[in-house]
Amino acid sequence: MSVADLSTPLKFAYWVPNVSGGLVVSTIEQRTSWDFDYNRKLARIAEDAGFEYALSQTRYAASYGADKQHEATSFSLALLAATERLKVIAAVHPGMWHPGVLAKFIITADHISNGRAAVNIVSGWLKDEFVNFGLEWLEHDERYVRTEEFIRVLRGLWTEQGYSQSGKYYDITDFTLSPPPVDVPGRPHPEVFFGGNSTAAQATAGRVADWYFSNGKDLDGFRENIAGVQASATAAGRRPRYGLNGFVIARDSEKEARDTLREIVAKAHRPAVEGFRDAVQEAGASTKDGKGMWADSSFEDLIQYNDGFRTQLIGTPEQIAERIVEYKKIGVNLFLTCYLHFQEEVAAFGTDILPIVRELEADAARRAGVDFDPDETLAGTHPSKAGV
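Residues numbered from 1 in each chain as written. Predicted model: local features only at pLDDT ≥ 70, side-chain atom pairs only at ≥ 80, totals over all residues. Heavy atoms only, no water.

Looking only at helices and strands, the protein has 13 helices and 11 strands in total. Its C-alpha radius of gyration of 20 Å places the protein within 12% of the 21 Å reference for a compact globule of 388 residues. Overall, the protein is about 60 × 50 × 45 Å in size when its C-alpha atoms are taken along their principal axes. Split into buried and exposed, the 388 residues of the protein put 57% on the buried side. The long-range fraction of contacts in the protein, counting pairs at least 24 apart against all pairs at least 6 apart in sequence, stands at 76%. For the protein, the accessible surface area stands at approximately 15,300 Å², while carbon and sulfur atoms represent 50% of it. Across the protein, the 41 positively charged side chains and the 54 negatively charged ones have centroids separated by 1 Å. (Helix = DSSP H or I, 4+ residues; strand = E, 2+ residues; numbered from the N terminus. Rg over C-alpha atoms; globule rule 2.2 N^0.38 Å. Buried < 20%, exposed > 50% of the residue type's maximum accessible area, 1.4 Å probe, protein only. Contact = heavy atoms within 4.5 Å. Areas by Shrake-Rupley, 256 points an atom, 1.4 Å probe, with all protein chains shown as cover. Lys, Arg positive; Asp, Glu negative; His and termini not counted. Charge placed at Lys NZ, Arg CZ, Asp CG, Glu CD.)

Attention now moves to empty space enclosed by the protein. Summed over all chains, the structure comprises three cavities of 30 Å³ or more. Its boundaries defined by the atoms lining it, the second largest cavity holds a volume of some 40 Å³. Lining the second largest cavity are Thr73, Ser76, Leu77, Leu80, Val88, Ala90, Phe105, Ile106, Ala109, Ala117 and Ala118. Elements that contribute at least two residues to the lining of the second largest cavity include exactly helix 2 (72-82), strand 3 (87-92), helix 3 (99-112) and strand 4 (117-121). For the lining of the second largest cavity, the element with the highest residue contribution is helix 2, accounting for four residues. (1 Å grid on protein atoms, 1.4 Å probe; cavity = no way out; pocket = protein on both sides within 12 Å on 5 of 7 lines; lining within 4 Å. Points joined across faces, edges and corners; volume = space filled by probe spheres on them.)

How two helices pack is summed up by the angle between their axes together with the distance between the axes. One way to put it is that helix 5 (residues 140-159) packs onto helix 6 (residues 199-208) with a least axis distance of 9 Å and a crossing angle of 10 degrees. Looking at the two axes, helix 5 sits roughly parallel to helix 6. Once helix 5 is placed against helix 6, the crossing between them reads as right-handed. Contacts between helix 5 and helix 6 pair Asp141, Tyr144, Glu148, Ile151, Arg152 and Arg155 from the former with Ala200, Ala201, Thr204, Arg207 and Val208 from the latter. In the contact of helix 5 with helix 6, the residues fall into five nonpolar, one polar and five charged. (Axes fitted to C-alpha atoms, helices over the stretch in contact; angles between N-to-C directions. Parallel < 35°, antiparallel > 145°, perpendicular 65-115°, else oblique. Left-handed = near helix turned anticlockwise from the far one by under 90°. Nonpolar A, V, L, I, M, F, W, Y, C, P; charged D, E, K, R; others polar.)

With that out of the way, let us pick up helix 13 (residues 342-368). Of all the bends found along helix 13, the most pronounced is centred on Ile353 and spans about 40 degrees, while Pro355, a proline, follows it within four residues. With its phi angle positive at about 75 degrees, Gly369 sits one or two positions after the end of helix 13. (Bend = angle between axes of the 7 residues up to and from the residue.)

Take unusual backbone geometry next. Omega for the bond connecting Ser178 with Pro179 falls within 30 degrees of zero, at 5 degrees, which places this linkage in the cis form. Relative to the helices and strands, Pro179 resides in the loop between strand 6 (171-175) and strand 7 (192-195). The phi angle at Asp174 is positive, at roughly 45 degrees, despite the residue not being glycine. Locating Asp174 in the fold gives a position in strand 6. Its identity as a non-glycine residue notwithstanding, Gln312 has a phi of 60 degrees, on the positive side. Mapped onto the elements, Gln312 comes out in the loop between helix 11 (299-302) and strand 10 (313-315). Taking the relative accessible area as the measure of exposure, Gln312 reaches 26% and is therefore partly exposed.

Our next topic: the packing of aromatic side chains. Inspection of the entire model under this criterion finds 21 aromatic pairs. Residues Phe51 and Phe349 carry aromatic rings whose centres are separated by 5.4 Å and whose planes lie at 55 degrees to one another, so their mutual orientation is tilted. One end of the pair, Phe51, is in the loop between helix 1 (36-49) and strand 2 (53-56); the other, Phe349, is in helix 13, with 298 residues separating them in the sequence. For Phe51, a relative accessible area of 4% gives the class buried. We classify Phe349 as buried; its relative accessible area is 2%. Considering the side-chain rings of Phe193 and Trp211, the 5.4 Å spacing of their centres and the 5 degrees angle between planes classify their relative orientation as stacked. One end of the pair, Phe193, is in strand 7; the other, Trp211, is in strand 8 (residues 211-214), and 18 residues separate them in sequence. (Phe/Tyr/Trp six-rings, centres within 6.5 Å; stacked < 30°, edge-to-face > 60°.)

Set out below in C-alpha coordinates:
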(Lines give C-alpha, C1' and ligand atoms only; values in the text may rest on other atoms or scores of the structure.)
Protein backbone atom coordinates (compact mmCIF):
# COMPACT_ATOMS: atom_id res chain seq x y z
CA MET A 1 0.00 0.00 0.00
CA SER A 2 1.40 3.40 -0.96
CA VAL A 3 1.60 5.99 1.80
CA ALA A 4 2.72 8.86 -0.41
CA ASP A 5 0.57 11.99 -0.12
CA LEU A 6 1.40 14.20 -3.07
CA SER A 7 -1.47 16.63 -2.50
CA THR A 8 -0.37 17.90 0.94
CA PRO A 9 2.71 20.09 1.31
CA LEU A 10 5.65 18.64 3.21
CA LYS A 11 6.07 19.83 6.77
CA PHE A 12 9.44 20.90 8.16
CA ALA A 13 10.75 20.73 11.70
CA TYR A 14 14.08 21.39 13.34
CA TRP A 15 15.83 19.90 16.34
CA VAL A 16 15.87 22.38 19.20
CA PRO A 17 19.49 22.66 20.38
CA ASN A 18 18.61 22.65 24.08
CA VAL A 19 21.67 20.42 24.63
CA SER A 20 25.18 21.84 24.47
CA GLY A 21 27.64 20.80 21.79
CA GLY A 22 25.46 21.20 18.72
CA LEU A 23 23.98 18.36 16.68
CA VAL A 24 27.22 16.71 15.61
CA VAL A 25 29.84 15.33 17.97
CA SER A 26 32.78 17.03 16.34
CA THR A 27 35.20 19.83 17.09
CA ILE A 28 34.25 21.57 13.84
CA GLU A 29 32.89 25.08 14.43
CA GLN A 30 29.17 25.08 15.21
CA ARG A 31 27.64 28.52 15.56
CA THR A 32 24.85 27.11 17.69
CA SER A 33 24.09 27.61 21.37
CA TRP A 34 22.03 25.67 23.90
CA ASP A 35 20.92 28.76 25.89
CA PHE A 36 17.38 30.10 25.81
CA ASP A 37 18.12 33.50 24.28
CA TYR A 38 19.68 31.81 21.24
CA ASN A 39 16.79 29.35 20.99
CA ARG A 40 14.10 31.99 21.33
CA LYS A 41 15.57 33.86 18.37
CA LEU A 42 15.98 30.60 16.45
CA ALA A 43 12.35 29.67 16.99
CA ARG A 44 11.19 32.99 15.57
CA ILE A 45 13.56 32.64 12.61
CA ALA A 46 12.22 29.14 11.92
CA GLU A 47 8.62 30.29 12.18
CA ASP A 48 9.26 33.07 9.66
CA ALA A 49 11.19 30.67 7.39
CA GLY A 50 8.20 28.34 6.99
CA PHE A 51 8.96 25.69 9.59
CA GLU A 52 5.88 24.28 11.27
CA TYR A 53 7.44 22.24 14.10
CA ALA A 54 10.37 22.20 16.52
CA LEU A 55 11.44 19.20 18.62
CA SER A 56 13.03 19.73 22.04
CA GLN A 57 15.46 16.95 22.99
CA THR A 58 15.20 15.06 26.26
CA ARG A 59 18.30 14.03 28.15
CA TYR A 60 19.03 14.03 31.86
CA ALA A 61 22.58 12.72 32.26
CA ALA A 62 25.16 14.80 30.41
CA SER A 63 26.59 12.51 27.75
CA TYR A 64 27.66 12.09 24.17
CA GLY A 65 29.79 15.19 23.95
CA ALA A 66 27.31 17.41 25.82
CA ASP A 67 27.97 18.68 29.31
CA LYS A 68 24.82 20.78 29.68
CA GLN A 69 21.17 20.31 28.80
CA HIS A 70 17.82 21.95 29.48
CA GLU A 71 14.74 19.92 30.36
CA ALA A 72 12.53 19.44 27.32
CA THR A 73 8.98 20.19 28.52
CA SER A 74 9.77 23.47 30.29
CA PHE A 75 11.98 24.57 27.40
CA SER A 76 9.21 23.74 24.93
CA LEU A 77 6.67 25.72 26.92
CA ALA A 78 8.97 28.74 26.90
CA LEU A 79 9.40 28.48 23.12
CA LEU A 80 5.63 28.22 22.66
CA ALA A 81 5.20 31.40 24.65
CA ALA A 82 7.83 33.14 22.51
CA THR A 83 6.23 32.25 19.15
CA GLU A 84 2.87 32.60 17.41
CA ARG A 85 2.59 29.74 14.91
CA LEU A 86 5.35 27.22 15.63
CA LYS A 87 4.25 23.87 17.08
CA VAL A 88 6.73 22.64 19.67
CA ILE A 89 7.14 18.94 20.38
CA ALA A 90 8.47 18.05 23.83
CA ALA A 91 10.26 14.71 24.10
CA VAL A 92 9.38 12.71 27.23
CA HIS A 93 10.17 9.31 28.76
CA PRO A 94 7.51 6.96 30.10
CA GLY A 95 8.85 5.76 33.43
CA MET A 96 10.00 9.26 34.31
CA TRP A 97 6.53 10.78 33.87
CA HIS A 98 3.12 9.57 34.91
CA PRO A 99 0.90 9.89 31.81
CA GLY A 100 -1.83 11.69 33.74
CA VAL A 101 0.59 14.34 34.96
CA LEU A 102 1.99 14.79 31.46
CA ALA A 103 -1.51 14.96 29.96
CA LYS A 104 -2.36 17.80 32.34
CA PHE A 105 0.91 19.62 31.62
CA ILE A 106 0.35 19.43 27.85
CA ILE A 107 -3.22 20.69 28.19
CA THR A 108 -1.93 23.76 30.01
CA ALA A 109 0.80 24.28 27.40
CA ASP A 110 -1.84 23.84 24.70
CA HIS A 111 -3.98 26.61 26.15
CA ILE A 112 -1.02 28.94 26.63
CA SER A 113 -0.06 28.41 22.98
CA ASN A 114 -3.55 28.28 21.48
CA GLY A 115 -3.29 24.65 20.37
CA ARG A 116 0.38 24.24 19.44
CA ALA A 117 1.67 21.74 22.03
CA ALA A 118 2.77 18.22 21.03
CA VAL A 119 4.78 15.33 22.49
CA ASN A 120 7.41 12.89 21.27
CA ILE A 121 7.31 9.71 23.34
CA VAL A 122 10.78 8.21 23.86
CA SER A 123 10.76 4.72 25.36
CA GLY A 124 14.33 5.18 26.61
CA TRP A 125 17.72 3.79 25.68
CA LEU A 126 20.13 5.22 28.28
CA LYS A 127 19.93 2.72 31.13
CA ASP A 128 22.04 4.77 33.55
CA GLU A 129 19.50 7.61 33.54
CA PHE A 130 16.84 5.30 34.93
CA VAL A 131 19.00 3.19 37.23
CA ASN A 132 20.88 6.11 38.77
CA PHE A 133 17.58 7.90 39.42
CA GLY A 134 16.41 4.77 41.24
CA LEU A 135 13.79 4.05 38.59
CA GLU A 136 12.84 0.66 37.20
CA TRP A 137 14.70 -0.30 34.02
CA LEU A 138 12.65 -2.53 31.74
CA GLU A 139 14.05 -4.81 29.10
CA HIS A 140 13.69 -3.69 25.49
CA ASP A 141 10.34 -5.06 24.34
CA GLU A 142 8.76 -4.47 27.74
CA ARG A 143 9.56 -0.76 27.45
CA TYR A 144 7.24 -0.63 24.44
CA VAL A 145 4.45 -2.40 26.34
CA ARG A 146 4.65 0.44 28.87
CA THR A 147 4.90 3.06 26.14
CA GLU A 148 1.75 1.84 24.40
CA GLU A 149 -0.20 1.98 27.66
CA PHE A 150 1.26 5.44 28.32
CA ILE A 151 0.10 6.82 24.97
CA ARG A 152 -3.37 5.28 25.36
CA VAL A 153 -3.71 7.02 28.73
CA LEU A 154 -2.68 10.35 27.19
CA ARG A 155 -5.20 10.06 24.40
CA GLY A 156 -7.96 8.83 26.68
CA LEU A 157 -7.54 11.66 29.17
CA TRP A 158 -7.38 14.21 26.36
CA THR A 159 -10.53 13.03 24.59
CA GLU A 160 -12.88 11.46 27.14
CA GLN A 161 -14.61 12.32 30.39
CA GLY A 162 -14.54 9.77 33.19
CA TYR A 163 -11.72 7.89 31.47
CA SER A 164 -10.68 4.51 32.84
CA GLN A 165 -7.89 2.16 31.77
CA SER A 166 -6.58 -0.94 33.49
CA GLY A 167 -3.16 -2.14 32.37
CA LYS A 168 0.10 -3.68 33.46
CA TYR A 169 1.71 -0.32 34.21
CA TYR A 170 -1.09 2.23 34.56
CA ASP A 171 -4.52 2.07 36.19
CA ILE A 172 -6.76 5.08 35.59
CA THR A 173 -10.18 5.17 37.24
CA ASP A 174 -13.03 7.43 36.11
CA PHE A 175 -10.79 10.46 35.62
CA THR A 176 -11.61 13.71 33.84
CA LEU A 177 -9.14 16.46 33.00
CA SER A 178 -10.73 19.88 32.71
CA PRO A 179 -10.31 21.91 30.65
CA PRO A 180 -9.62 19.56 27.77
CA PRO A 181 -7.03 20.50 25.12
CA VAL A 182 -7.78 23.37 22.76
CA ASP A 183 -10.32 22.51 20.07
CA VAL A 184 -8.23 22.72 16.88
CA PRO A 185 -10.12 21.85 13.65
CA GLY A 186 -8.93 18.50 12.33
CA ARG A 187 -6.94 17.72 15.47
CA PRO A 188 -8.74 15.50 18.00
CA HIS A 189 -5.96 15.98 20.57
CA PRO A 190 -2.34 17.20 20.81
CA GLU A 191 -0.22 15.28 18.33
CA VAL A 192 1.75 12.24 19.48
CA PHE A 193 5.10 11.61 17.80
CA PHE A 194 7.03 8.39 18.32
CA GLY A 195 10.18 6.73 16.99
CA GLY A 196 12.05 3.44 17.11
CA ASN A 197 13.45 1.01 14.56
CA SER A 198 12.86 -2.28 16.36
CA THR A 199 10.02 -4.64 15.52
CA ALA A 200 8.33 -3.86 18.85
CA ALA A 201 8.69 -0.11 18.29
CA GLN A 202 7.23 -0.25 14.79
CA ALA A 203 4.26 -2.33 15.92
CA THR A 204 3.60 0.10 18.77
CA ALA A 205 3.87 3.11 16.46
CA GLY A 206 1.35 1.66 14.05
CA ARG A 207 -1.19 1.07 16.79
CA VAL A 208 -0.98 4.34 18.74
CA ALA A 209 1.24 7.07 17.21
CA ASP A 210 0.00 9.97 15.09
CA TRP A 211 3.48 10.45 13.63
CA TYR A 212 6.35 7.99 13.28
CA PHE A 213 9.86 9.48 13.35
CA SER A 214 12.55 7.59 11.46
CA ASN A 215 16.27 7.98 11.99
CA GLY A 216 18.13 9.10 8.89
CA LYS A 217 17.87 6.59 6.03
CA ASP A 218 18.51 6.33 2.33
CA LEU A 219 15.46 5.80 0.11
CA ASP A 220 15.44 2.01 0.36
CA GLY A 221 16.18 2.16 4.06
CA PHE A 222 13.22 4.43 4.68
CA ARG A 223 10.87 2.12 2.80
CA GLU A 224 12.11 -0.83 4.84
CA ASN A 225 11.94 1.10 8.11
CA ILE A 226 8.28 2.05 7.81
CA ALA A 227 7.04 -1.32 6.52
CA GLY A 228 6.42 -2.67 10.00
CA VAL A 229 4.63 0.53 11.04
CA GLN A 230 2.42 0.36 7.96
CA ALA A 231 1.50 -3.26 8.60
CA SER A 232 0.63 -2.59 12.23
CA ALA A 233 -1.33 0.55 11.36
CA THR A 234 -3.31 -1.19 8.62
CA ALA A 235 -4.30 -3.96 11.02
CA ALA A 236 -5.49 -1.32 13.49
CA GLY A 237 -7.36 0.69 10.85
CA ARG A 238 -5.08 3.71 11.27
CA ARG A 239 -2.94 5.95 9.04
CA PRO A 240 -0.02 7.53 10.86
CA ARG A 241 2.18 10.05 9.12
CA TYR A 242 5.93 9.76 8.69
CA GLY A 243 8.82 12.01 9.64
CA LEU A 244 12.47 11.53 8.64
CA ASN A 245 15.60 12.91 10.27
CA GLY A 246 18.17 14.65 8.07
CA PHE A 247 21.29 16.76 8.61
CA VAL A 248 21.32 19.60 6.08
CA ILE A 249 24.56 20.84 4.53
CA ALA A 250 23.58 23.34 1.82
CA ARG A 251 26.45 25.10 0.09
CA ASP A 252 27.07 26.89 -3.22
CA SER A 253 28.53 23.71 -4.73
CA GLU A 254 28.26 20.01 -4.02
CA LYS A 255 32.03 19.87 -3.52
CA GLU A 256 31.88 22.50 -0.80
CA ALA A 257 29.08 20.63 0.96
CA ARG A 258 30.93 17.30 0.74
CA ASP A 259 34.11 18.95 2.01
CA THR A 260 32.15 20.20 5.03
CA LEU A 261 30.93 16.67 5.76
CA ARG A 262 34.48 15.34 5.47
CA GLU A 263 35.67 17.98 7.94
CA ILE A 264 32.90 17.05 10.40
CA VAL A 265 33.97 13.41 10.25
CA ALA A 266 37.69 14.18 10.42
CA LYS A 267 37.17 16.25 13.56
CA ALA A 268 34.83 13.79 15.27
CA HIS A 269 35.12 13.48 19.04
CA ARG A 270 35.97 9.78 18.92
CA PRO A 271 35.64 8.85 22.63
CA ALA A 272 32.20 10.50 22.85
CA VAL A 273 30.95 8.84 19.65
CA GLU A 274 32.26 5.44 20.72
CA GLY A 275 30.69 5.82 24.16
CA PHE A 276 27.34 6.67 22.58
CA ARG A 277 27.65 3.70 20.22
CA ASP A 278 28.31 1.33 23.12
CA ALA A 279 25.26 2.64 25.01
CA VAL A 280 22.71 2.73 22.22
CA GLN A 281 23.51 -0.37 20.23
CA GLU A 282 22.17 -2.37 23.16
CA ALA A 283 18.78 -1.48 21.68
CA GLY A 284 19.32 -3.75 18.70
CA ALA A 285 21.34 -6.40 20.49
CA SER A 286 18.66 -6.87 23.15
CA THR A 287 15.82 -7.56 20.72
CA LYS A 288 14.85 -11.02 19.59
CA ASP A 289 15.53 -10.30 15.92
CA GLY A 290 18.53 -7.97 16.33
CA LYS A 291 16.70 -4.95 14.94
CA GLY A 292 16.69 -1.63 16.72
CA MET A 293 17.74 1.99 16.73
CA TRP A 294 21.37 2.37 15.67
CA ALA A 295 21.79 -1.42 15.30
CA ASP A 296 23.50 -1.00 11.92
CA SER A 297 24.90 2.54 12.32
CA SER A 298 28.55 3.10 11.46
CA PHE A 299 30.94 5.35 13.38
CA GLU A 300 30.41 8.07 10.76
CA ASP A 301 26.64 7.74 11.05
CA LEU A 302 26.77 8.19 14.82
CA ILE A 303 28.66 11.48 14.66
CA GLN A 304 25.17 12.86 14.01
CA TYR A 305 23.25 11.06 16.71
CA ASN A 306 20.13 10.25 14.74
CA ASP A 307 21.92 9.08 11.59
CA GLY A 308 21.23 12.39 9.85
CA PHE A 309 24.00 12.03 7.27
CA ARG A 310 22.33 8.92 5.83
CA THR A 311 19.46 10.97 4.41
CA GLN A 312 22.02 12.79 2.25
CA LEU A 313 20.57 16.30 2.35
CA ILE A 314 23.99 17.48 1.26
CA GLY A 315 24.78 19.63 -1.77
CA THR A 316 23.37 22.71 -3.47
CA PRO A 317 19.88 23.98 -2.58
CA GLU A 318 18.58 22.50 -5.82
CA GLN A 319 20.07 19.08 -5.10
CA ILE A 320 18.70 19.04 -1.58
CA ALA A 321 15.22 20.09 -2.71
CA GLU A 322 15.19 17.36 -5.36
CA ARG A 323 16.17 14.72 -2.82
CA ILE A 324 13.55 15.92 -0.34
CA VAL A 325 10.80 15.50 -2.93
CA GLU A 326 12.07 12.03 -3.86
CA TYR A 327 11.46 11.06 -0.24
CA LYS A 328 7.99 12.59 -0.35
CA LYS A 329 7.16 10.32 -3.28
CA ILE A 330 7.79 7.27 -1.08
CA GLY A 331 5.87 8.45 1.97
CA VAL A 332 7.72 11.12 3.95
CA ASN A 333 5.34 13.80 5.26
CA LEU A 334 7.75 15.77 7.45
CA PHE A 335 11.50 16.40 7.59
CA LEU A 336 13.14 16.83 10.97
CA THR A 337 16.28 18.80 10.16
CA CYS A 338 19.49 19.85 11.88
CA TYR A 339 22.45 22.05 10.95
CA LEU A 340 25.93 23.19 11.93
CA HIS A 341 24.90 26.84 12.31
CA PHE A 342 21.22 26.80 13.18
CA GLN A 343 20.07 30.41 13.02
CA GLU A 344 21.63 31.34 9.69
CA GLU A 345 21.10 27.95 8.05
CA VAL A 346 17.45 27.63 9.10
CA ALA A 347 16.86 31.08 7.61
CA ALA A 348 18.69 30.06 4.43
CA PHE A 349 16.61 26.88 4.19
CA GLY A 350 13.49 29.04 4.09
CA THR A 351 14.78 31.36 1.38
CA ASP A 352 16.94 29.04 -0.75
CA ILE A 353 15.52 25.51 -0.47
CA LEU A 354 11.85 25.65 0.53
CA PRO A 355 10.66 27.60 -2.56
CA ILE A 356 12.28 24.99 -4.81
CA VAL A 357 10.67 22.20 -2.79
CA ARG A 358 7.24 23.76 -3.30
CA GLU A 359 7.78 24.03 -7.05
CA LEU A 360 8.90 20.41 -7.28
CA GLU A 361 5.97 19.27 -5.12
CA ALA A 362 3.52 21.06 -7.39
CA ASP A 363 5.13 19.45 -10.44
CA ALA A 364 5.02 15.96 -8.87
CA ALA A 365 1.34 16.39 -8.01
CA ARG A 366 0.53 17.63 -11.50
CA ARG A 367 2.28 14.64 -13.07
CA ALA A 368 0.31 12.31 -10.80
CA GLY A 369 -2.97 14.04 -11.64
CA VAL A 370 -3.70 15.28 -8.11
CA ASP A 371 -4.39 18.77 -6.80
CA PHE A 372 -1.69 20.52 -4.77
CA ASP A 373 -2.34 23.51 -2.55
CA PRO A 374 0.86 24.95 -1.02
CA ASP A 375 -1.23 26.62 1.69
CA GLU A 376 -3.04 23.45 2.71
CA THR A 377 -2.47 22.16 6.24
CA LEU A 378 -3.00 18.80 7.88
CA ALA A 379 -6.28 20.02 9.36
CA GLY A 380 -9.03 17.58 8.52
CA THR A 381 -6.58 14.83 7.57
CA HIS A 382 -5.53 13.69 11.02
CA PRO A 383 -4.00 10.24 10.65
CA SER A 384 -5.49 8.36 13.58
CA LYS A 385 -8.93 7.47 14.76
CA ALA A 386 -9.80 9.47 17.86
CA GLY A 387 -9.82 7.38 20.98
CA VAL A 388 -7.76 4.45 19.71
